[in-house]
Amino acid sequence: MAKLPVSVDKIIEDFGPHKAYAPQTGFQGNKEPDKMVKTHCCYCGMQCGIQLKVKDNKITGFEPWMEFPFNEGRLCPKGVMRYMQNNHPDRLMDPIERVEGKGFNPVTWEHAMSRTVSEIKRIQETYGKDSFAMLSGVSLTNEKSYMIGKFARVALKTANLDYNGRLCMVSAGGGNKKAFGLDRTSNSWADLKHAEVILVAGANISETFPTLTHYIWQARDNGAKLIVVDPRVIPLARTADLHLPIRPGGDSALFGAILKIMVDNDWLDHDFIDNYTSGFQETIDAVKDYDLDWAEEHTGISKDLIYQAAEMWGKANTSFLLHARGIEHHTKGVENVLSCINIVLASGRLGRPYCGYGTITLPGKWPGRQGARSQM
């Protein structure tokens, strides 16, 4: 079992976390910038606009970008504080090497490269090419991700290459690709503000996508009803019209049951189904046994709440469904995503004003509903 080379106190003393003292370049406003650079926040898929203050070719602060259409100057704490990371005292500037009994010592890049190469060779010579794996992340540019793939396949000759998206948004991308032919969300966020009903599943928007919360509040000001599907009473659930405290793993059962209720009550858009979907009869057959007693048992949600949610969604003229990692971080994540898409397609809430479906973290715009098809 792995153990620390020195005490925790020693590691904190050397590497932090330390308090966020003023960076060497100062807090924003301390120096008049040479220029302002318009760009995007580098974190989540909201892609908020931001202006960076640049002095002596270094970022010294930020200013809101009020004209940017999505966030209109709003930023969450991550976007506001990002520029401070470059000069934070905890930032590593050199490679470090673990030395038992001493902790971690800085080493040269040449030494780090040499040891990395020798360890890869040792592992593969002892256990075979596939004994070595690479894990990358979506913070990399496309070009860097391409090079990592080439390095793993050509240089290391390993079959084991993955990235954090396997746990993150691959389920969403897979479900969207099956249903719509593209692996990203398909609506402008502007439609969300005018939807009659908003359903949020597995997305703690207030704490993880704060700049999107404003759109929901605008919709609520316009009279929108809000349904939140989440095991926890997240901040958004506290003011929701309906909170469905689902038992983890019951997402497909819930949305399948909602679809069955919609079918039983004919809360369907038959023209949309006939013209823009396929496989709808097979979908109905798949959920024919999803009655309310069965749904209550498998989801942990009372059947009254399930029916209310189906009625609220089914009878609406316009609606918008949002989901994120909460329903996607599952072995059946693609199925969960498709079960959400099913109720959107069944109600014909795509390709027209104030309707839509969004996978939070993969921004995009809807190219036209002619390409939509149900893979239900």
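For the structure itself, look to the data block above.
The written sequence of each chain sets the order in which its residues are numbered from 1. Restriction of local features to residues with pLDDT of at least 70 applies here, the model being predicted, together with a cutoff of 80 or more for giving and counting side-chain atom pairs; totals for whole chains, interfaces and linings are based on all residues. The side-chain quantities take in all heavy atoms of the structure and omit both hydrogens and water.

Only DSSP runs of H or I with at least four residues qualify as helices, and only runs of E with at least two residues qualify as strands; both kinds are numbered from the N terminus onward. Position of Ser 319 relative to the elements: it lies in strand S11 (residues 319–323). Within polar-contact distance, the side chain of Ser 319 engages the side chain of Arg 349 at 2.7 Å. In this description, contact between two residues means that some pair of their heavy atoms is separated by no more than 4.5 Å. Non-local contacts of Ser 319, meaning those with residues more than four positions away in its chain, are made with Ala 195, Val 197, Trp 313, Arg 349, Tyr 354, Cys 355 and Gly 356. N or O atoms closer than or at 3.5 Å make up a polar contact, with two conditions inside protein: a donor-capable atom paired with an acceptor-capable one, and, for residues adjacent in sequence, both atoms drawn from side chains.

What follows deals with the environment of Leu 268. Tracing the backbone through its elements, the reader meets Leu 268 in the loop between helix H8 (251–264) and helix H9 (270–276). Type-normalised accessible area, obtained with a 1.4 Å probe on protein chains alone, sets the label of each residue: buried when under 20%, exposed when over 50%, and partly exposed for intermediate values. You can call Leu 268 buried: its relative accessible area is 16%. For Leu 268 and Gln 308, which are 40 residues apart along the polypeptide, the C-alpha to C-alpha distance reads 16 Å. Look past the residues within four positions of Leu 268 in its chain and what remains in contact with it is Met 262, Val 263, Ile 273, Phe 280 and Ala 346.

This brings us to the packing of H8 against helix H14 (residues 333–346). When two helices pack together, their arrangement is given by the angle between their axes and by how far apart the axes lie. Here, axes are lines fitted to C-alpha atoms. For helices the fit covers the stretch in contact, and angles between N-to-C directions go from 0 to 180 degrees. In contact at an axis separation of 8 Å, H8 and H14 are set at 20° when each is read in the N-to-C sense. By the angle between their directions, the pair H8 and H14 is classed as roughly parallel. The element H8 and its partner H14 pack so that their crossing is left-handed. Between H8, through Asp 251, Ser 252, Phe 255, Ile 258, Leu 259 and Met 262, and H14, the contact on the second element is made entirely by Glu 335, Asn 336, Ser 339, Cys 340, Asn 342, Ile 343 and Ala 346. Three classes are used, and their members are as follows: Ala, Val, Leu, Ile, Met, Phe, Trp, Tyr, Cys and Pro are nonpolar, Asp, Glu, Lys and Arg are charged, and the others, Gly among them, are polar. Across the contact of H8 with H14, the residue classes tally to seven nonpolar, four polar and two charged. The labels follow the angle: roughly parallel below 35 degrees, roughly antiparallel above 145, roughly perpendicular from 65 to 115, and oblique for the rest. Helix crossings get a hand from a simple test, with the near helix turned counterclockwise from the far one by less than a right angle marking a left-handed crossing and a clockwise turn marking a right-handed one.

On to the side chain of Thr 299. Within the secondary structure layout, Thr 299 lies in helix H11 (residues 292–299). Residue Thr 299 is classed as buried on the basis of its relative accessible area of 0%. At a separation of 3.2 Å, a polar atom in the side chain of Thr 299 contacts the main-chain amide nitrogen of Ile 301. With near-sequence residues (within four places) excluded, Thr 299 lies in contact with Pro 245, Ile 246, Arg 247, Gly 250, Ala 253, Leu 254 and Ile 306.

Keep in mind these numbers describe shape, not what the thing actually does.
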